[in-house]
Amino acid sequence: MATDTLDVSATPSLLVERNPNPVDPATRAALIAEPGFGRVFTDHMAIIRYSDAKGWHDAKITARGPIPLDPAAAVLHYAQEIFEGMKAYHLADGGMALFRPEMNAKRFCDSARRLAMPEIPEKLFVDSVRQLVETDRDWFPPVEGGSLYLRPFMFASEVFLGVKPSAEYLYIVIASAVGGYFKSGAPAVSLWVSQDYTRAAPGGTGAVKCGGNYAASLAAQAEAIRKGFDQVVFLDAAERRYVEELGGMNLFFVFEDGSIQTPPLGGTILPGITRDSLLTLAREEGLTVREEPYAIDQWQADAESGRLKESFACGTAAVVTPVGKVTSPDFSFTIGDGGAGALTLRLKQRLVDIQRGVAPDPHHWVMRLD
Ligand SMILES: *Cc1c(COP(=O)(O)O)cnc(C)c1O
């Protein structure tokens, strides 16, 4: 099918087969003018196969399209699947870049180990993402802050119903044009405290990015929406007392004395790269930073007394999202004036400026692409 197949010398491991039927430029322009999130996809995907017998093989960038799957493929029965979420950013000078992609590669390998899957070499992971972005560079939305959201994922493809780690896997990266979050400053979200459901238990999979965590969070998230809130916030599974995180974002608390706090990574919290980056920036500013448990009743008391000034959630998709209001069946409290706090906005801006290449990057977080 492919018209031109060429080896890319910089990364000999991935072949590039150009899509012979890409979306025509006029249709593409209309699609990326207002892409929203996660619905507009590019012309290509990266795909790499793994088998116990051959290891990683058949690595290529090829036309994006359906993947044939046997109905007995293990992932459809036992959910052996992991993923990553990252972005390629447009730099202010017109270039493009990834942000800390090696962190995504490492976390992907952590996830793989937890789900008894093979680890992908860091270079192959980063090359697959990088070459996909370079191939689909025309899909960057022409709006401020527009980016390509990248979704690497891997699943068990062996045709076998026995319960064991699969002997075969598919690793795929797809890219989606997404709009900017920078226009008006993100509006604050309201949170519903889930009492019936938890997200992660000690010894479980809460610290890795597997689809199953999300499947298990959907009923709680649907309950939050039904009750009129934006997002669900999960408490710890053991005591139902300590605030952990949202279904897909980490939480931060900002106090009157200027200190900030976030729950510690104890195996039930996803180690967000945005979380880690913001902690680093805050420490560099000389802020007092605590990674300590925070009880839900303390959160309420501190918000009501004014000791707590701001709260925000963070993750790659929306960067930083202020939390305005928290509600459970027993109580409801507002944080600050219910809008975005000053420190929240400043930390967000500092991170965005580094990601866009307009602020110094002393930690070499930005990986410029060709
Ligand atoms: C992906 C994810 C995050 C955010 O991680 P980033 O690396 O900052 O995007 C937070 N919590 C959960 C549960 C996640 O899956």
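The rules behind the values
Residues numbered from 1 in each chain as written. Predicted model: local features only at pLDDT ≥ 70, side-chain atom pairs only at ≥ 80, totals over all residues. Heavy atoms only, no water. Salt bridge = Lys/Arg side-chain N within 4 Å of Asp/Glu carboxyl O. Buried < 20%, exposed > 50% of the residue type's maximum accessible area, 1.4 Å probe, protein only. Near = heavy atom within 4 Å. Polar contact = N/O pair within 3.5 Å; in protein donor to acceptor, adjacent residues only side chain to side chain. Areas by Shrake-Rupley, 256 points an atom, 1.4 Å probe, with all protein chains shown as cover. Nonpolar A, V, L, I, M, F, W, Y, C, P; charged D, E, K, R; others polar. Helix = DSSP H or I, 4+ residues; strand = E, 2+ residues; numbered from the N terminus. Expected span 1.5 Å × (residues − 1). Domains from an automatic or database assignment. Contact = heavy atoms within 4.5 Å. Buried area = accessible area lost by both parts, 1.4 Å probe. Patch = residues over 30% accessible without salt bridge, like charges linked within 9 Å, V, L, I, M, F, W, Y side chains within 5 Å. Axes fitted to C-alpha atoms, helices over the stretch in contact; angles between N-to-C directions. Parallel < 35°, antiparallel > 145°, perpendicular 65-115°, else oblique.

Using the criterion set out here, one finds 17 salt bridges in the structure. For E158, the salt bridge goes to K164, with nearest N and O atoms at 2.6 Å. Looking at E158, the relative accessible area reads 16%, which means it is buried. Relative accessible area serves as the criterion here: at 37%, K164 is assigned to the partly exposed category. If you follow the salt bridges from partner to partner, you end up with D110, R113 and E119 in one network.

This part is about the site of the ligand. K209, Y214, E245, T274 and T316 are the nearest of the 15 residues found near the ligand. Between an oxygen atom of the ligand and a side-chain N or O atom of R107, the distance comes to 2.8 Å. A distance of 2.7 Å is found between an oxygen atom of the ligand and a side-chain nitrogen or oxygen belonging to K209. With the chains in place, 97% of the 380 Å² that the ligand exposes on its own is no longer accessible. Of the residues in the shell around the ligand, the class split is four nonpolar, seven polar and four charged.

Before going further, it helps to examine helix α3 (residues 101–114). Between its first and last C-alpha, α3 extends 20 Å over 14 residues, near the 20 Å set by a 1.5 Å rise per residue. Every buried residue of α3 is listed here: P101, N104, A105, R107, F108, C109, S111 and A112. Once α3 ends, the next one or two residues include A116, with phi positive near 55 degrees.

Next up on the list: the domain arrangement of the chain. How big an interface is tends to be stated in terms of the accessible area lost upon association of its parts. For the chain, the domain assignment lists domain 1 (15–178) and domain 2 (189–355). Distance from the C-alpha centre of domain 1 to the C-alpha centre of domain 2: 28 Å. On the side of domain 2, 19 residues touch domain 1, which itself brings 20 residues to the contact. Here domain 1 packs against domain 2, burying approximately 1700 Å² in sum over the two surfaces, 62% of which is carbon and sulfur. Of all residues in domain 1, F83, F99 and R107 give up the largest surface area on contact with domain 2, accounting jointly for 35% of the area buried on that side. At the boundary of domain 1 and domain 2, one finds one salt bridge. Counting across the interface, domain 1 meets domain 2 through 11 residue pairs in polar contact (both at pLDDT 80 or more). Counting only elements with at least two residues in the side of domain 1 that touches domain 2, the list comes to β5 (81–83), β6 (86–90) and α3. Class assignment of the residues belonging to the side of domain 1 that touches domain 2 gives a composition of 10 nonpolar, three polar and seven charged.

On the surface, a nonpolar cluster with roughly 330 Å² of combined accessible area is contributed by Y78, L161 and V163. Secondary-structure assignment places Y78 in helix α2 (residues 75–78).

In this section: the packing of helix α6 (residues 273–284) against helix α8 (residues 342–355). At a closest axis distance of 10 Å, the pairing of α6 and α8 adopts a crossing angle of 110 degrees. Considered as vectors, α6 and α8 are oriented roughly perpendicular to each other. Mapping the contact onto sequence places T274, S277, L278, L281, A282 and E284 in α6 and L347, R350, L351 and I354 in α8. Within the contact of α6 with α8, the residues separate by chemical class into six nonpolar, two polar and two charged.

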